[in-house]
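Spelled out, the chains give:
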Amino acid sequence: TTLLDNAAKAAGKKYLGTATDNGELTDTAYTAILDEKGMFGQITPANSMKWENTEPEQGVWTWTDADQIANLAKSNGQLLRGHNCVWYNQLPSWVTSGTWTTSTLTSVVQNHTGELVGRYKGQVWDVVNEPFNDDGTYREDVFYNTLGESYIPIALTAARAADPNAKLYINEYNIEYQGSKATAMINLVKSLQSQGVPIDGIGLQSHFIVGEVPSTLQATMESFTALGVEIAITELDIRMTLPETAALLEQQKTDYDTVISACRAVSGCIGVTVWDFTDKYSWVPSTFSGQGAATPYDSNLVKKPAYDGIIAGF
Ligand code: XIL
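Every value quoted in this text rests on a predicted model; they were computed, and no experiment measured them. (Residues numbered from 1 in each chain as written. Predicted model: local features only at pLDDT ≥ 70, side-chain atom pairs only at ≥ 80, totals over all residues. Heavy atoms only, no water.)

Novice: Which residues make up the pairing of strand E3 (residues 79-86), and what values go with them?
Specialist: The buried fraction of E3 amounts to 7 of the 8 residues, a majority that puts the element mostly inside the structure. As paired elements, strand E2 (residues 42-45) and E3 share 2 bridges and run parallel to each other. If you follow Ile43 over to E3, its bridge partner there is Leu80. The sheet contact formed by E3 and strand E4 (residues 124-129) spans 4 bridges and is parallel. Opposite Gly82, over in E4, you have Trp125 as the bridge partner. (Buried < 20%, exposed > 50% of the residue type's maximum accessible area, 1.4 Å probe, protein only. Helix = DSSP H or I, 4+ residues; strand = E, 2+ residues; numbered from the N terminus. Pairing = 2+ DSSP bridges.)

Novice: Describe the state of the cysteines, naming the residues involved and giving the relevant values.
Specialist: Tallying each qualifying case throughout the model produces 1 disulfide. Across a sulfur-sulfur distance of 2.1 Å, Cys263 and Cys269 are joined as a disulfide pair. As the torsion about the S-S bond is roughly -100 degrees, the Cys263-Cys269 disulfide counts as left-handed. The exposure class of Cys269 is buried, given its relative accessible area of 0%. (Disulfide = S-S within 2.5 Å.)

Novice: Tell me about the nonpolar core, and please be specific about residues and values.
Specialist: Within the largest apolar cluster, 95 residues are counted, with the highest numbers of intra-cluster contacts made by Phe143, Met221 and Leu236. Setting aside its immediate chain neighbours within four residues, Leu236 contacts Gln205, Ser206, Phe208, Tyr256, Val259, Ile260, Val272, Thr273, Val274 and Trp275. Core analysis: the next-biggest nonpolar cluster, separate from the first, contains 5 residues, Tyr15, Val124, Tyr169 and Ile270 among them. (Core = buried A, V, L, I, M, F, W, Y, C linked by side-chain atoms within 4.5 Å. Contact = heavy atoms within 4.5 Å.)

Novice: Tell me what's going on with the pairing of strand E6 (residues 201-204), and back it up with residues and numbers.
Specialist: Alternating positions in E6 separate into two faces, Gly201 and Gly203 on one and Ile202 and Leu204 on the other, with burial throughout. Pairing of strand E5 (residues 167-172) with E6, which is carried by 4 bridges, proceeds in the parallel orientation. Looking at the pairing, Asn171 lines up with Gly203 of E6. Crossover handedness for the path E5 to helix H9 (residues 180-195) to E6: right-handed. Across 4 bridges, the pairing between E6 and strand E8 (residues 230-241) is parallel. The partner of Ile202 across the bridge, within E8, is Ile231. (Right-handed = clockwise from strand over helix to strand, strands pointing away.)

Below, the structure is given as structure tokens:
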């Protein structure tokens, strides 16, 4: 069978990658697939680079898990996607319940972003994750409430200073179809560009539902690349209401093919990352009640029709 990253590269893309997590790396049946040359050309740590895990107390850095994933990528010859610097979720309480001024929180954002991006150089980074509400307004998290939208240029500028060669992304979900949220992202990127703030890419998370992949996906991608930035599909999974059936698995194969084909067709779409490759470790069942079976391998690490859908798409 054709391996996933090999298929992506044959189609002129940089990689087909996967999220992974530290707790999964003792599962040797899992790592045999993760480490196989030609299968995944890129990995994203699902949790270990998040703020609560890297700076759980102010100025106290815990790198063991993040380093484990970075070292794994290096020894496997895989690209690494840093995920992430600034996000409203999975924050330590010292950030969420701190008493901040504009000046003190600016330093905290600069420092946290700079430490991460400076530690893992030459990588792609989700510098800002999920800044918008679904209606396209800014999410009112601790960063926005204290700094307004300026927290985004503050983080991007700090990332660029820490590593001039890093590719800096804003990553978001529900921007894969045209609407207020995608428009908000376009307006944000235009505004950053007009201010001379570094921005290299837009990540489309792409947590989809079987049978509901947006028909405007490719057109939306093109509206992003028209801004002069690159894009990537960063967290692809396609979930279904359980139990899985043969018909749902066939539709899921078609849906994976559709998403991959859209990336293939857009030259500025550099690659695709699945949000873990097996139903055994997918975040979906614990997050979306009654749903699951969202990835290309089943919970016994057997390839599903979705795997062939990815190959077909490239
Ligand atoms: C998820 C992880 O996969 C889970 O293990 C964790 O419990 C919650 O976060 N969007 C993102 C990712 O940007 O960081 C999220 O990852 C999934 C949604």
